[in-house]
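Notes for the structure review
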Amino acid sequence: MTSSRSKSVALARAEVAALLADCAVELPAGGPLSEQKGVFWISLGEEFLEQLERRAPRLGYTERIDVLEPAPAPTGRHGNELIRWKKAWYAVTPVWEQDEHELRESSPDRRMFYLLETDGAVVPAPGYRGDGSATGPKALPVHDARLLLNLVYRPDASDLLDPFAGAGGIVYEAGRNGYRVSSMDIEPRIAPGLESFGSRHVVGDAAAMPFEDGTFTAIATELPYEVRDAAVLDRWVSEMIRVAAPGARCAIMCGADQAAVIEEALARRLITVSLSEPVHRRGTAVAVIVFAV
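What counts and how
- Residues numbered from 1 in each chain as written.
- Predicted model: local features only at pLDDT ≥ 70, side-chain atom pairs only at ≥ 80, totals over all residues.
- Heavy atoms only, no water.
- Phe/Tyr/Trp six-rings, centres within 6.5 Å; stacked < 30°, edge-to-face > 60°.
- Helix = DSSP H or I, 4+ residues; strand = E, 2+ residues; numbered from the N terminus.
- Buried < 20%, exposed > 50% of the residue type's maximum accessible area, 1.4 Å probe, protein only.
- Lys NZ or Arg CZ within 6 Å of the ring centre and 35° of its normal.
- Contact = heavy atoms within 4.5 Å.
- Polar contact = N/O pair within 3.5 Å; in protein donor to acceptor, adjacent residues only side chain to side chain.
- Core = buried A, V, L, I, M, F, W, Y, C linked by side-chain atoms within 4.5 Å.
- Arc of directions from axis to C-beta.

**Comments concerning the packing of aromatic side chains**
All chains considered together, the criterion is met by 5 aromatic pairs. Ring geometry for Phe-113 against Tyr-128: centres 5.0 Å apart, planes inclined by 15°, an arrangement best described as stacked. Here Tyr-128 lies in the loop between strand E7 (122–124) and helix H4 (142–151) and Phe-113 lies in the loop between helix H3 (100–105) and strand E6 (114–116), a separation of 15 residues in the sequence. Of the residues examined, Tyr-128 reaches a relative accessible area of 12% and is grouped as buried. Between the aromatic rings of Phe-211 and Phe-216, the centroid separation amounts to 5.1 Å while the plane-to-plane angle is 90°, which identifies the pairing as edge-to-face. Among the aromatic residues, those joined into a ring-pair cluster are Phe-113, Tyr-128, Tyr-172 and Phe-197. Sitting over the ring of Tyr-172, Arg-111 keeps its end group 4.4 Å from the ring centre.

Here is the structure:
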């Protein structure tokens, strides 16, 4: 039983399914308490519980996981500790709950970052969240960065690219989860900060990436939402496909009005979108698109 952010249940389900795909996970439609907002179910063999507990702290859109096991009918007040569904009783055992303190300490405003000044000096910029402009670098929230990484998860995916790295939300989380991370951004000032997160960083334009074909086994990124030019979006998609290795999964967070253009660009290249889902944010309509090369 998984409690997720109520406005993003579809993404929470997709995240769990991707993170546990090698564990024969299933996501049934119903279950005890499934009528409650933000609750969904996964079906997982007992032999995979260790993997679940080990990977659960990586989750971004799920807040708690409980295990339900069949139990005898209760007597007296002990029935408050059980759940009844379809005339059967179940005992609830907590397996994992999101560590709010760890989540807070991982947020952009708690990290050290570094900026390159015009005179060539590298200066510390603790808590850097971007330059505040519409087109400048931004700091992706922790739960969104973790979501995108989990959507591209495969046990054998080792080389990850974020071609629009910004203030490094994805780069930071990917490095903590064992990826060999390459980052890219057109803004030279943020290069030292991204390198400090352990990435192999390149300053450059994502429409002409300086990487060989088929280099990366995973790509996760957040696009600049203000870009509307279909030709530019098409070129970005083309380059991501080119540098992705066969079988690589790609997860893109984009503006809601960019999503249709991106999906059309993928369809022209005969690439199937496995997930396209809106994300409700305050003041900004965005979407998450996932596809495999």
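**Some points on the environment of Arg-228**
Mapped onto the elements, Arg-228 comes out in the loop between strand E11 (216–222) and helix H7 (230–243). For Arg-228, a relative accessible area of 51% corresponds to the exposed category. Setting aside residues up to four positions removed in sequence, Arg-228 forms contacts with Leu-233 and Asp-257. Separated by 3.2 Å, the side chain of Arg-228 and the backbone oxygen of Glu-226 make a polar contact. At 2.8 Å, the side chain of Arg-228 and the side chain of Asp-257 are in polar contact.

**A look at the nonpolar core**
By size, the foremost hydrophobic cluster in this structure holds 53 residues, and its most contacted members are Leu-160, Tyr-179 and Val-288. Of all the secondary-structure elements, those providing two or more residues to this core are helix H1 (9–19), H4, helix H5 (169–176), E11, strand E12 (244–255), strand E13 (273–281) and strand E14 (284–292). Those residues in contact with Val-288 that sit more than four places away from it in its chain are Leu-11, Leu-147, Leu-148, Leu-151, Ile-252, Met-253, Leu-275, Ser-276, Glu-277 and Val-279. Phe-164, Met-184, Ile-252 and Ile-262 belong to the second largest nonpolar core, which has 30 residues in total.

**Focus: helix H8 (residues 256–268)**
Where H8 is concerned, the buried positions are Gln-258, Ala-259, Ile-262, Ala-265 and Leu-266. What you see down the axis of H8 is that its buried residues fit within an arc of 130°, all on one side. The secondary structure elements touched by the buried residues of H8 are H7, E12, E13 and E14. A positive phi of about 60° marks Leu-270, the residue just after H8.

**Here's the deal with unusual backbone geometry**
A positive phi angle, close to 50°, is found at Lys-86, a residue other than glycine. Turning to its location among the elements, Lys-86 is positioned in the loop between strand E4 (82–85) and strand E5 (88–97). Owing to a relative accessible area of 66%, Lys-86 belongs among the exposed residues under this scheme. Positive phi values are uncommon outside glycine, yet Leu-270 reaches one of about 60°. Mapped onto the secondary structure, Leu-270 falls in the loop between H8 and E13. By relative accessible area, which is 78% here, Leu-270 ends up exposed.

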